[in-house]
Structure formats: structure tokens, C-alpha cells
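If you want the building blocks of each chain, they are given just below.
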Amino acid sequence: MAEQQQDAVTGGAYLIRGAALLGGAAEDLLIRDGVIARRGRDLPADGATVIEAAGLVALPGMVDIHTHLREPGREDAETVETGTRAAALGGYTAVHAMANSTPVADTAGVVEQVLTLGRAAGWVDVRPVGAVTVGLAGEQLAELGAMADSRARVRVFSDDGICVHDPVLMRRALEYVKAFDGVVAQHAQEPRLTAGAQMNEGEVSAVLGLTGWPAVAEESIIARDVLLAQHVGSRLHVCHVSTAGSVEIVRWAKSRGVNVTAEVTPHHLWLTDELARSYDPVYKVNPPLRTDADVQALRAALADGTIDVVGTDHAPHPSEHKECEWAQAAMGMTGLETALSVVQHTMIETGLMSWADFARVTSAVPAAIGRLEDQGRPLEAGEPANVILVDPAARWTVDPSKMATMGRNSPFAGRELPGRVVATFFKGHPTVLDGKLNTPYRYDSDPQDRPETAPAGRH
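Cut-offs applied
Residues numbered from 1 in each chain as written. Predicted model: local features only at pLDDT ≥ 70, side-chain atom pairs only at ≥ 80, totals over all residues. Heavy atoms only, no water. Pairing = 2+ DSSP bridges. Helix = DSSP H or I, 4+ residues; strand = E, 2+ residues; numbered from the N terminus. Axes fitted to C-alpha atoms, helices over the stretch in contact; angles between N-to-C directions. Contact = heavy atoms within 4.5 Å. Buried < 20%, exposed > 50% of the residue type's maximum accessible area, 1.4 Å probe, protein only. Polar contact = N/O pair within 3.5 Å; in protein donor to acceptor, adjacent residues only side chain to side chain. Salt bridge = Lys/Arg side-chain N within 4 Å of Asp/Glu carboxyl O. Right-handed = clockwise from strand over helix to strand, strands pointing away.

### Some points on the sheet that holds strand β8 (residues 125-128)
Turning to step 1, where the next piece is worked out: Reading across the sheet, the three strands line up as β6-β7-β8 and stay open at both edges, with parallel pairing between neighbours. Edge positions in the open sheet fall to β6 (62-67) and β8, since each of these has one partner strand only. The mean inter-strand angle of the sheet, taken between neighbouring strand axes irrespective of direction, is 20°.
Turning to step 2, where the next piece is worked out: Two strands pair when backbone bridges link them, and β6 and strand β7 (residues 92-97) are joined in this way by four bridges, in the parallel orientation. Within β7, the residue paired with T67 across the bridge is A97.
Turning to step 3, where the next piece is worked out: Against the sheet, helix α3 (residues 108-121) engages β7 and β8, with an angle of about 175° to β8.
Turning to step 4, where the next piece is worked out: Against the sheet, helix α11 (residues 355-369) engages β6 and β7, with an angle of about 65° to β6.

Written as C-alpha cells, this is what we have:
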């Protein structure tokens, strides 16, 4: 693909030649000094490393609004290093790291630790998500303002994995984040309706004799929270929407002008509760896989904009937490390295979306929700060079043992998927070339990116 040379020779300049920008006409992109220097046809190389990209699609780097990196505290499941390697290979240039680590990311100190780990790794931009409540216990608000003012500049807050089920506490959180343009990302699950739940409540759960997880447990929280967000005038984000009813509630809220956004996971765009008949715990996830009717409703909602973004909910687990009886297994699936391919299969190859639409739901809008000013930008001269190249014609079979993530719990294991990330440029530096990890970006090479130049945190 590339006439490979060292950055020292080229000054970090790359000419991407003949890529289909957002799936449209073929053009060249000249990347120099971390930005897109020029866009056009037949651009001169001027000493840059040339990447022949005919047949490839150029897209803005993907932004995941919902990633579990596990570190600190659960390094047996994932680390920031391994998780962000997976992210780069999957086409991501930024991820939002959820707060349910050990210790919980509920203070300025912990979110700054996650930020530092991300910068030390250098594969993608790691943006910590702050907890809404102390210890995810749902009893008192965490240090939202301190995390917002910290060096991590947290703007997304979530107790993901646990619902903020107290309406008074949820209202206070929504009111608090308005002061710094933050957003509360809710894991919509009424705990009293899901006690002991193992899978979607329906025909399959009845046949298998597993405690059902009713759709109303999700839908009732979303209905409550959009009304709270409307009352307060604050931003609400709904994590991993999984039911057709939830789609209708979000659609209704948007029609009333409520400032709500919603995400769907790749696995909820494809897989159904029928897979639970295998009793294979790889298909156990929160929220659970639903019915085919729900899948079709989610696809339509993503296509028409009711659902705003795709979030992976990448949730790696040690093998012993998945290779056990269904009832004892942990909930969650990996997703960073398969998301692009699954969305291509479910949305682009079905004609529901274009590659330009893909860029909107995987890059531009998630970056806007997280207030990431240098991510999700257009492929235009002067913009930050967070760019990926995708081979849409490629086909590959998912083998979890060959993935960069430590988690082996991919629900797509053994499936043939379309599309493959060929190159990932993060801040103009190629973290992935020829489909393989290259080298990480080094923050100390750019004074503007050195941690000590950022605002000091309040502790």
C-alpha cells in the first residue's frame, strides 16, 4: 500500500493518493504536521510518503462514545494499552473510557490517571467518562465539577453498567452538568424490573426457562429521563438503545425539542435473542439481545437519525468469566475491532446508509456529543489529520485469538465480515499501516499536546 519511509525522512508527511473521500469521488489528501495540508487531484508528493489508495474509502477517524478499558483495577480484562491498540486497528482515533473501573472514575484524580494512561499509550485520544454518583452507588453525586475542571476536561458522565434510578438524583445531575455544557449518559434499566434477569423477556426466554428482561425496564427509564431533561433544559444521552419502544420514545422526545441523543451498539444492529438457545454466554449482554423486530427498528432509527450514533459498548472479560454456565457468566461483548465491519454489513450493504452517513454516526456526531473539537472533522485542508482508510471489498473471518484486545468474548467469532481498516492516522501519525499496528503517536513530540500545558485540575 505505501512506499514506507521513516517519519524522520519525510517530516511526518503522507500523500494519500486516489482514495474515495466519504465513498465519493477519488481525490488526494496531503497530510503534514498533523493536519490535512491539501485536498485535490494529482497533488505532488513533495517528499511525502505516498500511500496508493485506489479502491479505498477515506473517512474521518471513528469516535467511540462508549468503551470499557477496565484500567485502573481490572487489568486482567483489558488495559488502556491493549484496548487502544484494538481501537486503532478498528479505525478509531478517539474513545470515551467508561467510569466503572476500580477505583471508579468519580474524582479528578482518577480521570486524570486515565487521561495519562491514554497519552502514554498514544494509539488514540482517550477521553475519560466521569461517574455520575460516588462509587456508582446511586446515593450521592460524584465530583462532577472537579472532573470537568480537571486536566481531563470531562464532559460525559455515566454510571454505565448501573442505572441512575433515583429521579431526584438524576435531575440534580442534569442540572449540575449544564454549568459546563456536560451530558449525562444514562444506562436505562429499571433495577426492580430486571432483578435476576438473564436475557430478553419473550418467547425464547420462556422456552429456555431463563428469567426475562422486559423491554419496559429500558423504556420506562428513557421516558422518565427525557421528561427530566426537558424540564431542566439539559443534555441527555441514552446508552445502548435496544428496543423498538425505546426508539419511539426517543423519536417523540426529539419531536418536542428535548436535547436528547441516543446510541446503538453494533451487536444490537444484527444479533437477536434466538442466539441464546445455544446457551453460549458470549451472547449474554446488557441490555440483552432482543427480537428481530427490535433489530429492524434500530436499523431504521439509525438510518433516519432518531438514533444518533453507534457506540461499541466494548466490554472485554477474562475468559473464566465467560467460559462458564450462562447464569454465572458476565455480561458484555467486545466490539472495537469489528464495529466498522458490522455497520457496513447491517447498514451500508443493506442500502440503509452511505459511507457519508457512516462518518456522521461513527465520527462527527459522537465527537460533538463528547465535545471533542479536533475529532470528527471534515476531510478538508486545515483540519486535524484524524483519518482512516477502509477497504470495503475486503472479507475477513473473525478470530478473537488474533485480536489486539485482551477480551476473547466476541459474538462474531467465526463469522465472515466485510470491510477492513487499512490505515489509521491519529494527529497525522500512522498508528496503523497495511492493516497492522505501526507505531503510537508521542505526545511529547508536540508542545501543544504535553500534559503540563493543559489547565491544572481542581482537587
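### Some remarks on the side chain of S242
Turning to step 1, where the next piece is worked out: Among the secondary structure elements, S242 is positioned in the loop between β13 (236-238) and α8 (244-255).
Turning to step 2, where the next piece is worked out: On the basis of relative accessible area, S242 is assigned to the buried category, the value being 0%.
Turning to step 3, where the next piece is worked out: A distance of 2.7 Å separates the side chain of S242 from the side chain of E218, its partner in a polar contact.
Turning to step 4, where the next piece is worked out: Dropping the residues within four chain positions of it, S242 is found in contact with E218, H268, P287, P288, R290, D294 and L298.

### Brief notes about the pattern of salt bridges
Turning to step 1, where the next piece is worked out: Under the definition given, this model contains 20 salt bridges.
Turning to step 2, where the next piece is worked out: Between R74 and D76 there is a salt bridge, with its nearest N and O atoms 3.1 Å apart.
Turning to step 3, where the next piece is worked out: The shortest N-O distance in the salt bridge between D357 and R360 comes to 3.5 Å. Linking D357 with R360, this pair stays in helix α11, spanning three residues, or about one helical turn.
Turning to step 4, where the next piece is worked out: The exposure class of R360 is partly exposed, given its relative accessible area of 27%.
Turning to step 5, where the next piece is worked out: Look at the salt bridges and you will find they share partners, linking E27, R39 and E380 into a network.

### Some remarks on the pairing of strand β10 (residues 183-186)
Turning to step 1, where the next piece is worked out: Burial along β10 is two-sided: V183 and A185 and V184 and Q186, pointing in opposite directions, are all buried.
Turning to step 2, where the next piece is worked out: One ladder, built from two bridges, connects strand β9 (residues 156-157) with β10; its direction is parallel. Bridged to V156 within β10 is V183.
Turning to step 3, where the next piece is worked out: Note that the unit made of β9, helix α5 (residues 167-177) and β10 has a crossover that is right-handed.

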